[in-house]
Structure formats: C-alpha cells, structure tokens
Protein chains: 2
Amino acid sequence: MPTTGGRNPVMSDVAKVAGVSHQTVSRVVNGHPNVREETVARVRHAISELGYHPNSTARALVTRRTNVLGALAVDTTLFGPSQTLAGIEQAAREAGYFLSIVSADDPSPDGVAEAMDHLVQQSVEGCVAIAPQRELVHALAALPGPRPLVAVEGGEGAGFPVAGVDQEQGARDAVRHLLDLGHRTVHHISGRSDWLEAEARVHGWREELRAAGRTVTEPLPGDWSPRSGYELGRRLAELRAEGEEVTAVFVANDQMAVGVLKALHEAGLGVPGDVSVVGFDDIPEAAYLTPALTTVAQDFTRVGTAALELLLGALDAPSADAPADRTVPAVLRVRDSSAPPPA
Amino acid sequence: MPTTGGRNPVMSDVAKVAGVSHQTVSRVVNGHPNVREETVARVRHAISELGYHPNSTARALVTRRTNVLGALAVDTTLFGPSQTLAGIEQAAREAGYFLSIVSADDPSPDGVAEAMDHLVQQSVEGCVAIAPQRELVHALAALPGPRPLVAVEGGEGAGFPVAGVDQEQGARDAVRHLLDLGHRTVHHISGRSDWLEAEARVHGWREELRAAGRTVTEPLPGDWSPRSGYELGRRLAELRAEGEEVTAVFVANDQMAVGVLKALHEAGLGVPGDVSVVGFDDIPEAAYLTPALTTVAQDFTRVGTAALELLLGALDAPSADAPADRTVPAVLRVRDSSAPPPA
DNA sequence: GGCAATAGTGTTAACGTTCACATGGCTCCC
DNA sequence: GGGAGCCATGTGAACGTTAACACTATTGCC
C-alpha cells in the first residue's frame, strides 16, 4: 500500500503509482476520451488506493473558473427569502456550481457594498441577489460588485435580469376574488413601503379596484410583521366602528394576516362573517389558521430556479444583450377566510 | 491611466505601475510591517488605479488555506434550520471565512454522502452540519467527509462537537409551567420520531411528569407539520370526548400547535378555558395567534454562533481532545394559551 | 569605527493543476 | 511504400500568489 508520507496525495503521486505521467492522470480525472481502457483502470486504482481527490484550487487557478456562484440574501428570517435561497442552492448544485452565501442584514449602500465585496474577494463567477428593497437594488446597480448579476424580486429597469413572482397579478386575483364574492370594495394592509413587492401588491390592488370602478381607500401601512398586522387590524375594526364600510381586506402577507385575524377576533368581528381576509405567501400555517386563510401562493422554489437559469444563461452568453426577465405566476388559494359580505 | 489590456490586473501589474517588485505589493496587500510608508502609499495608489484585487485562488493554492467553511443544511423550509443557518453565516463572515452551503433534502447515507462530497471537492477547511436527524448524524460520523466537523442539534456521542439548545430543559420547563398551573398531567404531541430534538422533548416531558409522580400518557406522534398538529388535535378532542382527562397539551413545535388550536376550536373546546396549549420554537406568529401561544423560545442565532465558535476552536487546536459541546438554554414564554384547568 | 541587528526591498522557487505542443506508433488508402 | 491522420502518452510552461532567502542601507552600541 503506497503512501505519500502524511502529505495529501497529488496528481504526480497518483502518476507514480500508476506508472504514467501526471497529465494522463489529469485526463482520466477529467474523463478525456483518448486514454487506453487498461490505463484508465490502473489510474483509477491508484487514485482510490491513495485516496486522492483533485485540488479544486489549483484547478481553478489554471482554468480561471472557480465554479462558485454567490448569493446575496436579505432577512432570511422571512419565509420567502429563505425558501428562494433553498431553490437557488438546489439549482446551483444541479448545475455543478458551489454556492457561497452572504447576508446583508443592512440594505444600506455600505452594508451591501461590504457583502458584495466579500463575494468579489472570493472570485465568484456570478451572483444572484435577493433584492426585495428599492434601496438595495439601487445600491446593487451602482456598485462594482460581481458580474453577471441577476436579481430576485428586484423590479425592472435595474440593468440586470430579474426573476420573480407576478406580484401585481397575484394582488389583482385576490381583489377580484373578493369583488366576485360581492364586496363593494377591498381595504389593503400593505407591506414595508421600501419593498418593491409591497409596492407591486398595492399597485395591483389599486388597479383592480379602479378597473372595477370601486372606491379606493387609503392603504394601511404595515411592515410585514404579525405585530403590525395586529395593530392595523385594530385600526380596521375602529374604522368599521366609526361607520366605514369594511367588509374585506387584502393583507400583503400571511404573517400580518395572522395579526389581523387576532385583532378582528378581539374586536368581536367574525371572519369571514363580518370581514373577509385574504393574505399573501401561503405559509405552511395558512391552511391551519382559524379560519383557514385564503391567500395567494408564491412558488419560491421556482423563483430560485428561474433566477439561477437566468444567471447560467448570462454566464453562457456574456453578450450584453437586453436582460430578459422571468416571471412566475402567483396562484390564489381560496379557503375559509373569504366569503360574501354580510347581507 | 495605466491599463492591463483587458486582462484582470495581477500583482505584477501593480508592481510595475508602482515601480516595486511584486513581493512588495504582496507585503502591502497583506499588511506586512516592514514597508516604508511612502512605498505603501504608492502601491495603494497603483492598486486603486488599476482596480486590482488579489486572486483568492492563487493565494489559497500557496497558503493551503481556502478560507471557506461548509454548511450542511436540511429542510430550510423549517424555521429553526433557516435561522440557524443565518447565525452561522454571520459568525463565519465576522471570522473572515466564506460560507458555502449545501442542502441535503434527503437524510439517507447516499444523500448526505453526495452533499458532503460536494463540500470536500471544494476543499472547505471545516464544516458545520445542521443534523437534526438520528440517521443523518450516523451517516455523517461514518462518512469520510470534511473535517473538522461540528454538528448542530446532533446529540452527543457522535464523535464530533455539538451545539444546540437544551431541548430537554425547555420541555421540562413547559411541563412544569402547566403542572404549576394545576393540571394533573400533560399530554404530548411529538415531532418526527427520527429527529433527535423530538426525542429530547419527549424525554424531558416524560421525566418532568415522572419526577412529579404524574400519569404519563402515550405521546401522539406528529411530523412537525401544521396538518399533523391538526389531526392529532382532533384525536385529542376525541380522547376527551371519550372521558379521558385532557386539560393540557405540550406540542413539540409551534407549527403543529397552530393546527392543534384549530382542531380544538372546531371541537368546541376553549383554549385555555378547557385545554391549555404550549408550543416550542416561538415563531414570529406565536404571539399573534388566537389565543397568543405560550411557547418555548430557542435562540437559533446563538446556536449558529456557538456552532461556529466550536468549529473555529477545532481549527485552531487540531488536537484530538474530547469534543466539548455548547448548549444554549431554552426560555419559556408564557402567553395566553395556558391557564389553570377548568374547575 | 567596526560589528551586529534591523528595516526595506528584490529574486527565485514553490503550490497542483491544465493547456499547448511534441512524440511515437499504428492504420488507412491511393 | 509512404505520407496523412489518429490514438495514446509525455514534456514543459503557464496560472497568480506567498514563502524563503538574499541583499543593501541604516541604526545602535561598546
């Protein structure tokens, strides 16, 4: 049993054992065609005997390909981003890439710059950024960060391809559903105003109401948290107590919807008897809330996969052609929290 | 303005511009002390003029340090793992390491082997594995994967250090809280039986009841999902209808607790009036459920940080001394879903 | 004033791969 | 029978960095 004296075995060790040149070992390792079958076998044997595995660093140095992609993540405490990240990881691995992640808790230009610098230092070949905030997208576009870059939920016109769910269509579907049930208008509790998704949902909601010629109320500004949902749910109950017609509310995410349900319940309002509630995201708990929440599902895994496809496309064709975007449809899941308005 | 003709600038380009040797550039880049201040300035200027940044691959090749740590993640759809991952990432970055993640959707030996191989190929310097399942821990221990390795929530005796929350203490606190309220015994809805955390919570629950001399009922086996919580919640209601004394239930995670609340509500049982419910995890929604859920909070970020500290320790002192573990306390958060039993 | 230590810099050789090219030996075909 | 072409293999030079050592001034000290 040959050994390499404590040292990790390298190609020339294998070569010596197999009685060939290091180059032939390289050919075997990389599946090059023109190697005699018997030689391949001898090299393979030497490899397993020594426990050799190729040094990716040396390979990367000479090929100028690190095989590493970067991912910028924000707020992975939220359901969406963490799911998307999982989708990206899976797709990256399938494509034979490694994925290095860095999170920017802080969407300020400085925070993003630091995070991106971390990726550049690592010589990533490309990067996908989960960039739900307007400020972050701008910081990203201005920065000399890693390229190519694709964004998730980044909004158009940023100068790089974007993959995301059709937020506006999802919002319109939610509103249409409520109008179809007979509600005269739909209130809205919105997400953090600096998030593009929040904005798109507000826009979809408003446009669908406008198209139907309904009253458009002022959206109640939340911050995605259950707490803010709870507070705005109370506000909604107050409005109703003051005589405003509040029979349906479209809440910008499920976490806030949880808070809304609690607030309405505490105010003695039945859901969906008095008020219908529709959320967004379809978190795993949604179907098991009381009442089961009608919501708009986003296929985050598909978004992650789509983002990676865009990135791989950009890597294959480094031409500076117009960035094509990829949009995944949102789908409404009707459950028990929406019903016709009280008679 | 000097350029390098399309090529990425390398050290010798900087050296030429600054009128020094490449070695001096290296010294400046690495903050070596013995360089004249004026030279440093000249080199720095050349660096920014050329937009040079050091090639991490070449550096890694010669120093034999990749500066990359690996993380094996399972089921990042769950709240705990995704939070922990975020904690690990943050700690890794602060320590100057890159983090490469790989997820094993499949805890079988093959799936783990493949995931680990991916990390080995990348020459990670160490690895932290989020290994909540018994099978996974064993696969990990048997595998010739990356070393050093630390596990999160892996249970002891696996042969590598483990960081985790004190599940058993958390479970005992939950049970004690319910007993203190006056309940004669506490039922338990458990997590997936192949998860070590599930087992530890069952154990803590059982021991606390035993220590108090109370009846220990058969745990109802769930799978962490809201759906299973719902189904077992119905089962619980049935048991009660059949005359069994069911006044308190300790549910192994909050997601299942959501389902339990729904099932009890549908069965016409009040929480906490008829039945008290205590969860585990303290997901963001917990405080805004109806009623606000009493639960046991886990500080996942701290667990991630602790795991990374263990890993860094192992990297510094590669001696094969006994692996020390790190345990983070769980803390009970009393809210509205627990109260004294009905009179 | 001389000798050792030290600050500042340069030269050369690794690190472990892949790439480009060279070298034989063989087959094929006119 | 002799060159064109292919197969199987080897040789040497990259890739861009850091480590080791060598070298020259300068300083400190008796």
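Heads up: the structure comes first, above all this text.
Small disclaimer: the values here were computed from a predicted structure and weren't measured. (Residues numbered from 1 in each chain as written. Chains lettered and ligands numbered in written order. Predicted model: local features only at pLDDT ≥ 70, side-chain atom pairs only at ≥ 80, totals over all residues. Heavy atoms only, no water.)

Chemist: I keep staring at the overall build of chain A and nothing clicks. Help me out?
Modeler: The number of helices and strands found in chain A is 12 helices and 12 strands. On the principal axes, the C-alpha backbone points of chain A span a range of 90 × 40 × 30 Å. For chain A, with 343 residues in total, the buried portion stands at 55%. Long-range contacts, defined as pairs at least 24 residues apart, comprise 72% of the intrachain contacts of chain A with a sequence gap of at least 6. Split by element, the accessible area of chain A, about 14500 Å² in all, is 50% carbon and sulfur. Of the charged side chains in chain A, 29 are positive and 44 negative, and the gap between their average positions amounts to 6 Å. (Helix = DSSP H or I, 4+ residues; strand = E, 2+ residues; numbered from the N terminus. Buried < 20%, exposed > 50% of the residue type's maximum accessible area, 1.4 Å probe, protein only. Contact = heavy atoms within 4.5 Å. Areas by Shrake-Rupley, 256 points an atom, 1.4 Å probe, with all protein chains shown as cover. Lys, Arg positive; Asp, Glu negative; His and termini not counted. Charge placed at Lys NZ, Arg CZ, Asp CG, Glu CD.)

Chemist: Please clarify how unusual backbone geometry should be interpreted in this entry.
Modeler: A negative phi angle is the norm for most residues apart from glycine, just as the trans form is the norm for most peptide bonds. All names here are of chain A. Look at the link from Arg147 to Pro148: it is a cis peptide, with omega at -5 degrees. Mapped onto the elements of the fold, Pro148 is located in the loop between helix H7 (134–142) and strand E4 (149–152). Positive phi outside glycine occurs at Ser123, with the angle close to 55 degrees. When you line up the elements, Ser123 lands in the loop between helix H6 (109–121) and strand E3 (126–130). With a phi angle near 60 degrees, Asp282 is a residue other than glycine that sits in the positive phi range. Among the secondary structure elements, Asp282 is positioned in the loop between strand E9 (276–278) and strand E10 (295–297). Taking the relative accessible area as the measure of exposure, Asp282 reaches 15% and is therefore buried.

Chemist: I tried to follow the protein's contact with DNA strand D on my own but got confused; where do I start?
Modeler: The local shell around DNA strand D holds 27 residues, among which A:Arg27, A:Thr39, B:Met11, B:Ser26 and B:Tyr52 are the closest. Sugar plus phosphate: this is where 64% of the atoms of DNA strand D within 4 Å of the protein reside. Residue A:Thr24 places a side-chain N or O atom 2.7 Å away from a phosphate oxygen belonging to DNA strand D. For the surface near DNA strand D, the secondary-structure elements that each account for two or more residues are helix H2 (22–29) and helix H4 (56–63) of chain A together with helix H2 (22–29) and helix H4 (56–63) of chain B. A per-element tally of the surface near DNA strand D places H4(B) first, with five residues. (Near = heavy atom within 4 Å. Polar contact = N/O pair within 3.5 Å; in protein donor to acceptor, adjacent residues only side chain to side chain.)

Chemist: Would you mind going over the interface of chain B and chain A with me for this structure?
Modeler: On the side of chain A, 46 residues touch chain B, which itself brings 47 residues to the contact. Interface of chain B and chain A: buried area, both sides summed, is about 4300 Å²; carbon and sulfur atoms make up 56% of it. On the chain B side of the interface with chain A, the three residues burying the most area are B:Arg93, B:Phe98 and B:Tyr288, jointly 18% of the side's total. Applying the counting criterion to the chain B and chain A interface returns two salt bridges. Note that B:Arg93 is salt-bridged to A:Glu114, the shortest N-O span being 3.4 Å. Viewed at the interface, chain A and chain B are joined by 22 residue pairs in polar contact (both at pLDDT 80 or more). Where the side of chain B that touches chain A is concerned, the elements lending two or more residues are H4, helix H5 (79–94), strand E2 (98–103), helix H6 (109–121), helix H10 (226–241) and helix H11 (254–266) of chain B. (Buried area = accessible area lost by both parts, 1.4 Å probe. Salt bridge = Lys/Arg side-chain N within 4 Å of Asp/Glu carboxyl O.)

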